[in-house]
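Remarks on the overall topology
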Amino acid sequence: MIKIEHLTKNYGSNCAVDDISFEIGAGETVGLLGPNGAGKSTTMNILTGYLSASAGRVSVDGIDIMNDPIGAKRLIGYLPEQPPVYQDMTVDEYLNFNYDLKGCTFDRKQHLAEICEVVRITDVRKRLIRNLSKGYKQRVGVAQALIGNPPVIIFDEPTVGLDPKQIIEIRNLIRTLGKNHTVVLSTHILQEVQAVCDRIIIINKGKIVADEKTENITRAVESNHRFNVKICGASRDVLNVIKNIPGVVFAELLPQKDGDANCYVIETENGLDIRKKLFFTLAERGYAMVGLEALGMSLEDIFISVVDKTEQAKSAQGSKYERGAAKKHVARTRTTLESDVADTLVKDAEKRREDAPDEPED
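It should be emphasised that the depicted structure is a prediction, and the values quoted were computed from it without experimental measurement.

Criteria and cut-off values
- Residues numbered from 1 in each chain as written.
- Predicted model: local features only at pLDDT ≥ 70, side-chain atom pairs only at ≥ 80, totals over all residues.
- Heavy atoms only, no water.
- Helix = DSSP H or I, 4+ residues; strand = E, 2+ residues; numbered from the N terminus.
- Contact = heavy atoms within 4.5 Å.
- Areas by Shrake-Rupley, 256 points an atom, 1.4 Å probe, with all protein chains shown as cover.
- Core = buried A, V, L, I, M, F, W, Y, C linked by side-chain atoms within 4.5 Å.
- Buried < 20%, exposed > 50% of the residue type's maximum accessible area, 1.4 Å probe, protein only.
- 1 Å grid on protein atoms, 1.4 Å probe; cavity = no way out; pocket = protein on both sides within 12 Å on 5 of 7 lines; lining within 4 Å.
- Points joined across faces, edges and corners; volume = space filled by probe spheres on them.
- Nonpolar A, V, L, I, M, F, W, Y, C, P; charged D, E, K, R; others polar.
- Axes fitted to C-alpha atoms, helices over the stretch in contact; angles between N-to-C directions.
- Parallel < 35°, antiparallel > 145°, perpendicular 65-115°, else oblique.
- Left-handed = near helix turned anticlockwise from the far one by under 90°.
- Phe/Tyr/Trp six-rings, centres within 6.5 Å; stacked < 30°, edge-to-face > 60°.
- Lys NZ or Arg CZ within 6 Å of the ring centre and 35° of its normal.
- Pairing = 2+ DSSP bridges.
- Patch = residues over 30% accessible without salt bridge, like charges linked within 9 Å, V, L, I, M, F, W, Y side chains within 5 Å.
- Salt bridge = Lys/Arg side-chain N within 4 Å of Asp/Glu carboxyl O.
- Expected span 1.5 Å × (residues − 1).

1. Thoughts on the overall build of the chain
Broken down by element type, the chain carries 14 helices and 14 strands. Partitioning the intrachain contacts of the chain with sequence separation of at least 6 by distance along the chain shows that 70% fall at a separation of at least 24. Looking at the chain as shown, the accessible area adds up to about 18400 Å², and 49% of this sits on carbon and sulfur atoms.

Laid out in structure tokens, this is it:
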């Protein structure tokens, strides 16, 4: 449905989008994830025809956005970060205005009524937009994107500034739309893409640094290779015992205590269940294990690891402040599991970039 080939956007000497290529199939819900300034919004603006590219091609259902912008735009519904609503119009006036603007051919009354029902704004259709809450204004913005029933819906930071209840409502709405549309969601919120997207593309410094199915990342995050263990006994001796158990790749004493028990975090090799071995080894040496909790991997730390791995060379040559900031990130990702997952994601993205066909000659 969407095909981006060697897309580049320069602002003078600053490269905002650096030779990215990816495809999104019909019916997919894809999250573009990255830190602020990564190039997500620029990519969205080029995809919707709002900005021109410095190089590369973007096509929607086979229609080139540069060669036939009107034809491509007819296939896209777009909600930018700031909803494009007119404050002095009522909701009905605004939706009818967009209906005419888009040259929609569906039955006006029925089509707008169906959209209002989907986004749950039927009860505010006669109200001035300026008097609506931010959550309702966001819904009105979604409604205008749905007029004409475009097969592709694009959201740029759709939950920024919303309260927790409004965020949940917008996420549920995006999930509903994903059943019948191709949805592209640009955000820097990790939980957002995990909650609603089938696939995650991570962009940093204008480059794609990871591209993976959400279920694969979630499976890695939720795998039980890390444990929080509470053990009674001298912490130094207990830690040495744990580190010498075959299959343990990382062990660390935590500052928390539970009565006379010390707390430890333990990581094991992939696919190895260490629990019985750990219990019997500690029991043989007279150390009582009074608690064991399986811990999920940190999605946040995977994200930071992916971003850091693409900036290591630059950080090494950067200022003292930059190196210090990098060390803080490394401290957060000191354990091996997030780093291993990040390595895999980055390598897969690099392979896709190398395998991408060269940009065809015009």
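2. Quick word on the nonpolar core
Among the nonpolar cores identified, the biggest contains 46 residues, and Val-91, Leu-95, Ile-121, Val-140, Val-142, Phe-155 and Ile-202 are the most heavily contacted of them. With near-sequence residues (within four places) excluded, Val-140 lies in contact with Val-85, Val-91, Tyr-94, Leu-95, Ile-121, Ile-129 and Leu-132. Residues Ile-24, Leu-32, Ala-72 and Val-184 belong to the second largest nonpolar core, which totals 27 residues.

3. Considerations on the layout of surface pockets
The space that makes up the largest pocket amounts to roughly 840 Å³. Around the largest pocket sit 29 residues that line it, and Lys-73, Ile-76, Tyr-78, Lys-102 and Gln-144 are the ones nearest its centre. Put simply, the parts of the chain that give the lining of the largest pocket at least two residues each are helix 1 (40-47), helix 2 (69-73), strand 6 (76-79) and helix 3 (91-101). A per-element tally of the lining of the largest pocket places helix 3 first, with 4 residues. Within the lining of the largest pocket, the residues separate by chemical class into 14 nonpolar, 11 polar and 4 charged.

4. Some details on the side chain of Thr-159
Relative to the helices and strands, Thr-159 resides in the loop between strand 7 (152-156) and helix 6 (164-177). Taking relative accessible area as the criterion, Thr-159 reaches 3% and is therefore assigned buried. When residues no more than four places from it in sequence are discounted, the contact partners of Thr-159 are Gln-138, Ile-167, Ile-170, Ile-189 and Glu-192.

5. Some details on the packing of helix 5 (residues 134-146) against helix 6
Orientation of helix 5 relative to helix 6, taken along the N-to-C sense of each, is 15 degrees, at an axis distance of 10 Å. Considered as vectors, helix 5 and helix 6 are oriented roughly parallel to each other. Between helix 5 and helix 6 lies a crossing of right-handed hand. Between helix 5 and helix 6, the contacting residues are Lys-134, Gly-135, Gln-138, Arg-139, Val-142 and Leu-146 on the first element and Gln-166, Glu-169, Ile-170, Leu-173 and Leu-177 on the second.

6. Focus: the packing of aromatic side chains
A full pass over the atoms with the stated rule returns 3 aromatic pairs. A centroid spacing of 5.3 Å and a plane angle of 80 degrees characterise the contact between Phe-279 and Phe-280, whose relative ring orientation is edge-to-face. Residue classification places Phe-279 among the partly exposed positions, given a relative accessible area of 41%. The ring of Tyr-11 carries Lys-9 above its face, with NZ or CZ at 5.3 Å from the centroid.

7. Things to note about the side chain of His-111
When you line up the elements, His-111 lands in helix 4 (residues 108-119). Setting aside residues no more than four positions away along its own chain, His-111 makes contact with Tyr-99, Cys-104, Phe-106, Leu-146, Ile-147, Gly-148 and Asn-149.

8. Brief notes about the pairing of strand 9 (residues 199-204)
On a regular strand, one side chain projects to one face of the sheet and the next to the other, so that they alternate. Taken across its 6 residues, strand 9 has 6 buried, putting it largely inside the fold. Covered by surrounding structure in strand 9 are Arg-199, Ile-201 and Ile-203 together with Ile-200, Ile-202 and Asn-204, the residues of both alternating faces. Bridging between strand 3 (residues 29-33) and strand 9 involves 4 bridges; their strand directions are parallel. Note on strand 9: the bridge partner recorded for Gly-31 is Ile-200. With 6 bridges connecting them, strand 9 and strand 10 (residues 207-213) associate as antiparallel partners. Bridging across to strand 10, Ile-202 finds its partner in Ala-210. Taken together, strand 9 and the strand that follows it, strand 10, pair antiparallel across an intervening segment of 2 residues, in which Lys-205 is found at a positive phi of about 55 degrees.

9. Considering a nonpolar patch on the surface
A grouping of Tyr-86, Phe-97 and Leu-101 is seen on the molecular surface, where their side chains present a nonpolar patch of about 320 Å² in accessible area. With respect to the helices, strands and loops of the structure, Leu-101 is situated in helix 3. You can call Leu-101 exposed: its relative accessible area is 61%.

10. What about helix 5?
In a regular helix each residue adds 1.5 Å, so 13 residues correspond to 18 Å; helix 5 covers 19 Å between its end C-alpha atoms and thus fits that length. Buried residues dominate helix 5, accounting for 11 of its 13 residues. Along helix 5, the positions that sit buried rather than exposed are Gly-135, Lys-137, Gln-138, Arg-139, Val-140, Gly-141, Val-142, Ala-143, Gln-144, Ala-145 and Leu-146. Looking at the buried side of helix 5, the elements it contacts are strand 6, helix 3, helix 4, strand 7 and helix 6. The first or second residue beyond helix 5 is Gly-148, which carries a positive phi of 90 degrees.

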